[in-house]
Number of protein chains: 2
Amino acid sequence: MKMYGNWRSAAAFRVRIAMNLKGIAYEEIFLDLDAGDQFKPDFLAINPQGAVPALFDGDGPPLTQSLAILDYLEETQPGVKLLPADPRARARARSLAQVVACDTHPLYVPRVRNFLMEHYGLPRERMLDFLRHAFTTGLKVLEQRLATEPGTGRYCQGDAVSHADLCLISLWVGTGIFGIDTAPYPTVKRIAEELLALDAVAHAHPLRQPGAPVS
Amino acid sequence: MKMYGNWRSAAAFRVRIAMNLKGIAYEEIFLDLDAGDQFKPDFLAINPQGAVPALFDGDGPPLTQSLAILDYLEETQPGVKLLPADPRARARARSLAQVVACDTHPLYVPRVRNFLMEHYGLPRERMLDFLRHAFTTGLKVLEQRLATEPGTGRYCQGDAVSHADLCLISLWVGTGIFGIDTAPYPTVKRIAEELLALDAVAHAHPLRQPGAPVS
């Protein structure tokens, strides 16, 4: 498969993990988001939204939106399953995933940050309050649910990695980048550390992709 | 089934339509979001996120996040299917749904609007620029994709109603409430009008629910 992505895209990170876990061979083409590669005509022809990831599976049309791609891989690829078989457990894994992918991550993407700075004239440091509020709101919900709901196990849903974990870790790695205090979220932290110990996650880590800053 | 919702919740609207289309009997309990019912301990015990919808199917734990609920209903309930059988078509329907449910709707919910007004001291009218930007960005992407991708039919994906349509119409009804100019989105409009002509959609319409303003 061939994916258009970027080292720092939380959404592309989720898809890389899924492909690693399922043993799917893929090539990733890294767009330079700072240079606006995502808004150039060549890429807009692939995804009019100007967003990564966009995945090609053979000759078919591009697949977009990370959660839709995860479901597509789940439905079409052999290998490890990333959603449990029980419908209620599946629904819980998906709900936790969507706390991140719907209600948290879209609030702090560059297009939103840029709008706040450009339209409202907010200096970067004040704009970041919006981003930090999004992070802490999402992390609080995850912590509360993971710490109290009986479905939580070694990972978000039971003892197998699911879409919820792919989303959790894609949020977690941002806490370091943006200096979010993680002390109030011990359950999220425990699961994040379990995930980072997996080769499939470690190899997909944003800071291990081409273009990432050298630490 | 029993759902906690609210007349104006775009997410609850999606779930109402699905239940109507599938012929599921349900009772909806309407929270007063202006009075902060969603943040009272009784409801936070159901959904720590303080968000609707929350759905009970029998004695099981609450189901949350509208897209996760739609998938749960699809996987467990008889009746009309709201995702196509073909994996690529399913992925496209889901991707279009997520343009709304991930990248558009979460940007204009009350908690975001309140943060912009309270934290940055923006007057309501200036705050609404953020909301309008979210709407127009989402509508532009939908229009571009629906007008050009071969998968579009009578509805978003082919000639059968799918999750993409439930999300599209949940965005569309907001254009009237918030005074968004819809002229640049003729394909979205055509599909919205098809959908509003369906009983299952009309009966689920926000303005036909208890608590809605009388027009």
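Here is a short report on the structure shown in this document. (Residues numbered from 1 in each chain as written. Chains lettered and ligands numbered in written order. Predicted model: local features only at pLDDT ≥ 70, side-chain atom pairs only at ≥ 80, totals over all residues. Heavy atoms only, no water.)

### Overview of the packing of aromatic side chains
All chains considered together, the criterion is met by 15 aromatic pairs over all chains. An angle of 85° between the planes, with centres 5.9 Å apart, marks the rings of Phe 115 of chain A and Tyr 120 of chain A as edge-to-face. Among the residues examined, Tyr 120 of chain A registers a relative accessible area of 10% and is labelled buried. Geometrically, the ring pair formed by Tyr 108 of chain B and Phe 178 of chain B is edge-to-face, given 6.2 Å between the ring centres and 70° between the ring planes. Pair noted here: Tyr 108 of chain B is in the loop between helix H4 (87-101) and helix H5 (110-120) and Phe 178 of chain B is in the loop between helix H7 (163-177) and helix H8 (186-196), with a separation of 70 residues, a long-range link. (Phe/Tyr/Trp six-rings, centres within 6.5 Å; stacked < 30°, edge-to-face > 60°. Buried < 20%, exposed > 50% of the residue type's maximum accessible area, 1.4 Å probe, protein only. Helix = DSSP H or I, 4+ residues; strand = E, 2+ residues; numbered from the N terminus.)

### A short note on the interface of chain A and chain B
Contact residues are listed per partner, giving 42 residues for chain A and 42 residues for chain B. Counting the surface lost from both chain A and chain B, the interface buries some 4,100 Å², and carbon and sulfur atoms represent 58% of this. Between Arg 94 of chain A and Glu 75 of chain B there is a salt bridge; the shortest N-O distance is 2.9 Å. On inspection of chain A and its partner chain B, the count reaches 28 residue pairs in polar contact (both at pLDDT 80 or more). Those elements that place two or more of their residues in the side of chain A that touches chain B are strand S4 (63-64), helix H3 (66-76), helix H4 (87-101), helix H5 (110-120) and helix H6 (124-148) of chain A. By residue number, the principal contributor to the side of chain A that touches chain B is H4 of chain A, which donates nine residues. Looking at the side of chain A that touches chain B, its residues break down into 21 nonpolar, ten polar and eleven charged. (Contact = heavy atoms within 4.5 Å. Buried area = accessible area lost by both parts, 1.4 Å probe. Salt bridge = Lys/Arg side-chain N within 4 Å of Asp/Glu carboxyl O. Polar contact = N/O pair within 3.5 Å; in protein donor to acceptor, adjacent residues only side chain to side chain. Nonpolar A, V, L, I, M, F, W, Y, C, P; charged D, E, K, R; others polar.)

### Quick look at empty space enclosed by the protein
Under the counting rule described, the total for this entry stands at three cavities of 30 Å³ or more. Approximately 120 Å³ is the volume attributed to the largest cavity. Leu 67, Asp 71, Arg 94, Ala 97, Gln 98 and His 163 of chain A together with Leu 67, Asp 71, Arg 94, Ala 97, Gln 98 and His 163 of chain B together form the lining of the largest cavity. Contributions of two or more residues to the lining of the largest cavity are made by H3 and H4 of chain A together with helix H3 (66-76) and H4 of chain B. The class makeup of the residues in the lining of the largest cavity is four nonpolar, four polar and four charged. Computed from the structure, the second largest cavity encloses a volume of approximately 90 Å³. Considering the residues around the second largest cavity, the lining is formed by Asp 103, Leu 107, Phe 130, His 133, Ala 134 and Thr 137 of chain A together with Arg 111, Val 112 and Phe 115 of chain B. Those elements that provide at least two residues to the lining of the second largest cavity are H6 of chain A together with H5 of chain B. (1 Å grid on protein atoms, 1.4 Å probe; cavity = no way out; pocket = protein on both sides within 12 Å on 5 of 7 lines; lining within 4 Å. Points joined across faces, edges and corners; volume = space filled by probe spheres on them.)

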